[in-house]
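Notes for the structure review
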Amino acid sequence: YALGTANYSTSSQLNMSGSSEMLVYGNAVLWLKGGVKLSGNAQISVLAGASLTIYVGETGGSEVSADFSGNGVVNMNGNAEKLTILGLPNLASVTASGNAGFTGTIYAPEATLTGNGGGSPRLVPATIAPDIHSPATGNALYVFALPDRK
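Residues numbered from 1 in each chain as written. Predicted model: local features only at pLDDT ≥ 70, side-chain atom pairs only at ≥ 80, totals over all residues. Heavy atoms only, no water.

The sheet built from 4 strands is open, its strands ordered β1-β4-β7-β10 with parallel pairing. At either end of the open sheet lies a strand with only one pairing partner, and these are β1 (2–3) and β10 (72–75). With 2 bridges joining them, β1 and strand β4 (residues 21–24) adopt parallel strand pairing. The partner of Leu3 across the bridge, within β4, is Val24. (Pairing = 2+ DSSP bridges. Helix = DSSP H or I, 4+ residues; strand = E, 2+ residues; numbered from the N terminus.)

What follows is the structure, encoded as structure tokens:
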């Protein structure tokens, strides 16, 4: 996969496994209505000078999940402003595990965020979620949790 400066969307779940890679070389917006699952050595790479905003889910319908395992999302800018994940109301969970490192922001007010694994450092400068679970095996996990609204 290669994403330039454009809007992209898919109704089905984005599944990446093995050594597949998505390269983001422009200012891309990606809407994953059916969720996302990365595994194995799969990764999404936001190249220097590029940015990526990912919308996950929809405003209704069955629950979906965002699983950024494998090698996760690599933000080569090192700047959290260049990678944003926005969870829509039916996004139930966000997971980063395995070697998944992360430098970006997550706004998922309806989802549970889970970070685990002993891979790359985890840095989430601004995360908003109702529940956050982390055994803290990575170098850093900076988060903000919302109070229970249910």
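The next subject is the side chain of Ser45. Along the chain, the position of Ser45 falls in strand β7 (residues 43–46). The exposure class of Ser45 is buried, given its relative accessible area of 0%. Within the structure, Ser45 has its side chain in polar contact with the side chain of Glu21 (distance 2.6 Å). Excluding residues within four positions of it along the chain, Ser45 makes contact with Glu21, Met22, Leu23, Val24, Val74 and Met76. (Buried < 20%, exposed > 50% of the residue type's maximum accessible area, 1.4 Å probe, protein only. Polar contact = N/O pair within 3.5 Å; in protein donor to acceptor, adjacent residues only side chain to side chain. Contact = heavy atoms within 4.5 Å.)

Here the focus is the environment of Asn27. Tracing the chain through its elements places Asn27 in strand β5 (residues 27–32). Asn27 sits in the partly exposed class, given a relative accessible area of 41%. Look past the residues within four positions of Asn27 in its chain and what remains in contact with it is Gly4, Thr5, Ala6, Gly49, Ala50 and Ser51. Only 2.9 Å separates the side chain of Asn27 from the side chain of Ser51, close enough to count as a polar contact.

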